[in-house]
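For reference, the chains in residue letters:
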Protein chains: 2
Amino acid sequence: MAQDYVSAIWKAEEWSDEHAAAGDIAARLGVATSTVSGNLKKLVADGLVEHERYGAVTLTSDGRAAAVQMVRRHRLLESYLVERLGYGWDEVHDEAEHLEHAASETFIDRIDQELGFPERDPHGDLIPRRDGRVSTSDAVNLADLAVGTGGTIARISDEDPALLRYLGTHGIVLDTRVSVRDRVEVAGVLVLGRESGETGRPLETELGVLAARAIWVTPDD
Amino acid sequence: MAQDYVSAIWKAEEWSDEHAAAGDIAARLGVATSTVSGNLKKLVADGLVEHERYGAVTLTSDGRAAAVQMVRRHRLLESYLVERLGYGWDEVHDEAEHLEHAASETFIDRIDQELGFPERDPHGDLIPRRDGRVSTSDAVNLADLAVGTGGTIARISDEDPALLRYLGTHGIVLDTRVSVRDRVEVAGVLVLGRESGETGRPLETELGVLAARAIWVTPDD
DNA sequence: TGACAATGTTCGGGTATCCGAACATTGCTC
DNA sequence: GAGCAATGTTCGGATACCCGAACATTGTCA
């Protein structure tokens, strides 16, 4: 249980500046907020989180370390499933979610080695190292990119398989170069220019803002 | 929980003619017999086992089907760990025990395919097919073999890693040809003749009866 | 600033699993 | 076949989750 909570908190913080709220955690874990409230007490008692009443939930260094290990497990498992067992990038999240609790330290180390110590998972998320170090990314959310600027897709959130499939069929995959040609606020739509790796000619794609929120890009220099 | 119970019952029956007793199940699962007694009620209610008071525990056909699927998972996982992740045959049991609860049907099917639909696991145990069919083996326990007869090692119980290591260092591995040269009852020892696959000259090995009980051989014709 | 919406906590209660101790049954031995 | 050891069951109680409803707090907006 503790592991689910700390990694939910960690993920809530990873791409946001705000502290995790109890409600976020509840939503991520699919439980009632009253359940979260109760369980946070245990986590505080175990020294994994700090929690001010009606306020912010933050990880202690122990909590952070535990979370990072779970994230490492998750991302290595996702990578392995894609690389070695023929899974699609839209199929791996749930499977990894289950396996990450059952796999031993040894298992995780073996698949890490087997994959050649990868740095990114199939969705572009950075894989923490065994010692807990995590690289930082300067990627920004596609929805926040100014019109006229562009970048390379560095990460696509893995949480909605249907969205991943949708993006895949529209040619939005990791490492695609995109630029924001226009933003139609009333329609909630971005107009993207997109270059596939090989061909030179950029294609035009319309993308809903909801989809854009799941995409992070490394801005052009 | 149900899965642990049905597969414990199935395993208890696999190499024995007697019905599983509540105590056996408790020992296999590492819980108190009172716990087993209580949980058997639920399994009966769920239609997975039949249980006569103070008496035999037997699987229903549903229970048997569920058990066979768990055994299949376990043995495929063991095989995969050895074949693809460099585990030793003495290291796989506990890992597989955990993973078998977390892996999806898809995962199991993929590793099955990846391994080319193997028939035996690293300890010689037969792997049930996807549809639930299980081949039968005519192997007999080494401890029951008559002096002067011999056979080929078909199975070594995977439950004690230390014993597996011990046997490995003494050249007792799957498919070794052995013969019983003598049985010293008072010492609880078998004297074995052993032929490694390559060289012709048989070696002599003494083996405790406890070790012999973990070994099954296919008798010579 | 007062009232309401959003959010978080507490409380009572439900389920599943575990255990040990007391009790029941079985079966072996003399 | 009486008695005892081995085995199995029942019972009361602990823990760890989960929930919804009632209550508390915070923050927002007129």
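Because the structure is a prediction, the values reported are computed rather than measured.

**Examining the UniProt feature "domain: HTH dtxR-type" (unreviewed entry) in chain A**
Link 1 in the chain: The UniProt feature table records "domain: HTH dtxR-type" (unreviewed entry) at residues 1-60 of chain A.
Link 2 in the chain: Helix makes up 57% of residues 1-60 of chain A and strand 10%, and the two end C-alpha atoms of the span are 17 Å apart.

**As for the layout of surface pockets**
Link 1 in the chain: Its volume calculated, the largest pocket comes out at about 640 Å³.
Link 2 in the chain: If you go around the largest pocket, you meet 29 residues; those closest to its centre are Arg28, Arg155, Ser157, Glu159 and Trp216 of chain B.
Link 3 in the chain: Broken down by secondary-structure element, the contributors of at least two residues to the lining of the largest pocket are helix H1 (2-14), helix H2 (22-29) and helix H4 (61-85) of chain B.
Link 4 in the chain: A breakdown of the residues in the lining of the largest pocket according to their chemical character gives eight nonpolar, six polar and 15 charged.
Link 5 in the chain: A domain split of the lining of the largest pocket shows at least three residues from each of domain 1 (2-59) and domain 2 (140-219) of chain B.
Link 6 in the chain: Along the walls of the second largest pocket sit 23 residues, with Arg28, Arg155, Ser157, Glu159 and Trp216 of chain A positioned nearest its centre.

**Structural notes on the nonpolar core**
Link 1 in the chain: Of all hydrophobic cores here, the largest spans 32 residues; its most connected members are Leu85, Phe107 and Ile111 of chain A together with Leu85, Phe107 and Ile111 of chain B.
Link 2 in the chain: Looking at this core, the elements with two or more residues in it are helix H4 (61-85), helix H5 (92-102) and helix H6 (105-114) of chain A together with H4, helix H5 (92-102) and helix H6 (105-114) of chain B.
Link 3 in the chain: If near-sequence neighbours (up to four positions away) are discounted, Ile111 of chain A is found in contact with Leu76, Leu77 and Tyr80 of chain A together with Leu85 of chain B.

**So, the sheet that holds strand E7 (residues 203-208) of chain B**
All names here are of chain B.
Link 1 in the chain: Spatially, E3-E8-E4-E5-E6-E7 is the arrangement adopted by the six strands of the open sheet, whose pairing is antiparallel. Edge positions in the open sheet fall to strand E3 (140-141) and E7, since each of these has one partner strand only.
Link 2 in the chain: Sheet topology note: the strand E4 (residues 150-156)/strand E8 (residues 215-219) ladder contains five bridges and is antiparallel. Residue pairing in the sheet places Ile153 in a bridge with Val217 of E8.

**Concerning the protein's contact with DNA strand C**
Link 1 in the chain: If you check the shell around DNA strand C, you find 20 residues, and the closest are Ser37, Lys41 and His51 of chain A together with Thr35 and Asn39 of chain B.
Link 2 in the chain: Backbone atoms, meaning sugar and phosphate, form 73% of the atoms of DNA strand C found within 4 Å of the protein.
Link 3 in the chain: A distance of 3.3 Å is found between a phosphate oxygen of DNA strand C and a side-chain nitrogen or oxygen belonging to Arg53 of chain A.
Link 4 in the chain: Contacts to DNA strand C include Ser34 of chain B, whose side-chain N or O atom sits 3.0 Å from a base oxygen.
Link 5 in the chain: Breaking the surface near DNA strand C down by element, the ones donating at least two residues are helix H2 (22-29) and helix H3 (33-45) of chain A together with helix H3 (33-45) of chain B.

**Overview of the relation of the copies chain A and chain B**
Link 1 in the chain: Mapping chain A onto chain B calls for a screw motion: a turn of 180° about the axis and a shift of 0.0 Å along it, with 0.1 Å RMSD after fitting. In the structure described here, the two chain copies are related by an operation that fits a two-fold rotation axis.
Link 2 in the chain: Looking at chain A, 100% of its interface residues are interface residues in chain B too, so the copies touch through the same face.

**Looking at the protein's contact with DNA strand D**
Link 1 in the chain: Around DNA strand D, a shell composed of 20 residues is seen, among which Thr35 and Asn39 of chain A together with Ser37, Lys41 and His51 of chain B lie nearest.
Link 2 in the chain: Contacts to DNA strand D include Ala32 of chain A, whose backbone N or O atom sits 2.9 Å from a phosphate oxygen.
Link 3 in the chain: Between DNA strand D and Ser34 of chain A there is a distance of 3.0 Å, counted from a base oxygen to a side-chain nitrogen or oxygen.
Link 4 in the chain: Elements with a minimum of two residues in the surface near DNA strand D: H3 of chain A together with H2 and H3 of chain B.

**Observations regarding the interface of chain A and chain B**
Link 1 in the chain: Taken residue by residue, the interface counts 18 residues in chain A and 18 residues in chain B.
Link 2 in the chain: For the pair chain A and chain B, the summed buried surface comes to about 1,400 Å²; carbon and sulfur atoms form 57% of the total.
Link 3 in the chain: Three residues, Leu85, Phe107 and Arg110 of chain A, lead the burial of chain A against chain B; their summed loss comes to 39% of the area buried on that side.
Link 4 in the chain: Linking chain A to chain B there are zero salt bridges.
Link 5 in the chain: No other element matches the five residues that H6 of chain A contributes to the side of chain A that touches chain B.
Link 6 in the chain: Residues belonging to the side of chain A that touches chain B are distributed by class as follows: nine nonpolar, four polar and five charged.

**A look at the domain arrangement of chain A**
Link 1 in the chain: Each assigned domain of chain A is listed here: domain 1 (2-59), domain 2 (71-134) and domain 3 (140-219).
Link 2 in the chain: Each of domain 1 of chain A and domain 3 of chain A was reduced to a C-alpha centroid, and the two centroids are 31 Å apart.

**Digging into the pattern of salt bridges**
Link 1 in the chain: Applying the stated criterion across every chain yields a total of 30 salt bridges over all chains.
Link 2 in the chain: Taking the shortest distance from any N to any O, the salt bridge between Arg155 of chain A and Asp125 of chain A comes out at 2.4 Å. Pair noted here: Arg155 of chain A is in strand E4 (residues 150-156) and Asp125 of chain A is in the loop between H6 and strand E3 (140-141), with a separation of 30 residues, a long-range link.
Link 3 in the chain: Here Arg64 of chain B and Glu13 of chain B are joined by a salt bridge, their closest N and O atoms 3.5 Å apart. Of this pair, Arg64 of chain B sits in helix H4 while Glu13 of chain B sits in helix H1, placing them 51 residues apart in sequence.
Link 4 in the chain: Salt bridges sharing common partners tie together Glu14, Arg75, Asp125 and Arg155 of chain A.

Rules used throughout
Residues numbered from 1 in each chain as written. Chains lettered and ligands numbered in written order. Predicted model: local features only at pLDDT ≥ 70, side-chain atom pairs only at ≥ 80, totals over all residues. Heavy atoms only, no water. UniProt positions renumbered as here; feature names shortened; annotations may be inferred. Helix = DSSP H or I, 4+ residues; strand = E, 2+ residues; numbered from the N terminus. 1 Å grid on protein atoms, 1.4 Å probe; cavity = no way out; pocket = protein on both sides within 12 Å on 5 of 7 lines; lining within 4 Å. Points joined across faces, edges and corners; volume = space filled by probe spheres on them. Nonpolar A, V, L, I, M, F, W, Y, C, P; charged D, E, K, R; others polar. Domains from an automatic or database assignment. Core = buried A, V, L, I, M, F, W, Y, C linked by side-chain atoms within 4.5 Å. Buried < 20%, exposed > 50% of the residue type's maximum accessible area, 1.4 Å probe, protein only. Contact = heavy atoms within 4.5 Å. Pairing = 2+ DSSP bridges. Near = heavy atom within 4 Å. Polar contact = N/O pair within 3.5 Å; in protein donor to acceptor, adjacent residues only side chain to side chain. Least-squares fit on C-alpha atoms with pLDDT ≥ 70 in both. Buried area = accessible area lost by both parts, 1.4 Å probe. Salt bridge = Lys/Arg side-chain N within 4 Å of Asp/Glu carboxyl O.

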